[in-house]
Amino acid sequence: MSAEAMVFLFGVIVGAGLLFVKVFFVILISDLEVDYINPIELCNKLNQFVLPEMAVQAFLTTVFLLSGQWMATAWNLPLVAYNANKIMNGKHMFDATEIFRTLGQHKKECFIKLGFYLLSFFYYLYRMILALVNDS
């Protein structure tokens, strides 16, 4: 198995994990909308995943950069920059006192990231299969 295949196998595994986390976010936000969960519980559950998700995304982009996968790096760089901007502005965590006011924005962001992670997962899967086929 080539290094390229290993990098994209790692990308598939990490992409699946990020996809799972975003589905979890969407489910919890939907639960808040129908009053199955209160805002404090929601924020406590989601805030524990916010920084790790951003760190894993940045790490994956760094792995692509160091392995010379320029297309994958270019694909992931805007999201890393967006996440870094949110952290620098202090707007990366969910606030229980303002969650109902910003719920639409959070929901929109979750769906956009969910779509991004879904496309990324299939791109990494395609590139992994392509690398494996080229090896043999």
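Since the model is a prediction, treat every value here as computed from it, not as a measurement. (Residues numbered from 1 in each chain as written. Predicted model: local features only at pLDDT ≥ 70, side-chain atom pairs only at ≥ 80, totals over all residues. Heavy atoms only, no water.)

## Details of the nonpolar core
- The biggest cluster of nonpolar side chains holds 33 residues, and the ones touching the most others in it are Phe25, Leu42, Leu46, Phe64 and Phe94.
- Elements that contribute at least two residues to this core include exactly helix 1 (3-33), helix 2 (39-66), helix 3 (70-89) and helix 4 (99-135).
- Among the elements that make up this core, the one with the highest residue count is helix 1 (12 residues).
- In contact with Leu42, not counting residues within four places along its chain, are Leu28, Ile29, Leu32, Ile37 and Ile99. (Core = buried A, V, L, I, M, F, W, Y, C linked by side-chain atoms within 4.5 Å. Buried < 20%, exposed > 50% of the residue type's maximum accessible area, 1.4 Å probe, protein only. Helix = DSSP H or I, 4+ residues; strand = E, 2+ residues; numbered from the N terminus. Contact = heavy atoms within 4.5 Å.)

## Quick word on the UniProt feature "transmembrane region" (unreviewed entry) in the protein
- According to UniProt, the feature "transmembrane region" (unreviewed entry) maps to residues 7-29 and 114-133 in the numbering used here.
- When the span residues 7-29 is considered, its composition is 100% helix and 0% strand, and the gap between its end C-alpha atoms is 33 Å.
- Secondary structure content for residues 114-133 is 100% helix and 0% strand, while the C-alpha to C-alpha distance between its ends is 29 Å. (UniProt positions renumbered as here; feature names shortened; annotations may be inferred.)

## What about the pattern of salt bridges?
- Following the criterion strictly, the structure yields seven salt bridges and no others.
- Two residues, Arg127 and Glu4, come together in a salt bridge whose shortest N-O distance is 2.7 Å. Of the two residues, Arg127 is situated in helix 4 and Glu4 in helix 1; the sequence distance between them amounts to 123 residues.
- Exposure remark for Arg127: the relative accessible area of 16% places this residue in the buried category.
- Under the relative-accessibility criterion, Glu4 is labelled partly exposed at 30%.
- One salt bridge connects Glu109 with Lys86, and the closest N-O pair in it is separated by 2.7 Å. Highlighted residues: Glu109 in helix 4 and Lys86 in helix 3, separated in sequence by 23 residues. No difference in accessibility class separates Glu109 from Lys86, as the two residues are buried.
- One network of salt bridges, in which partners are shared, links Lys22, Glu53, Lys86, Glu109 and Lys113. (Salt bridge = Lys/Arg side-chain N within 4 Å of Asp/Glu carboxyl O.)

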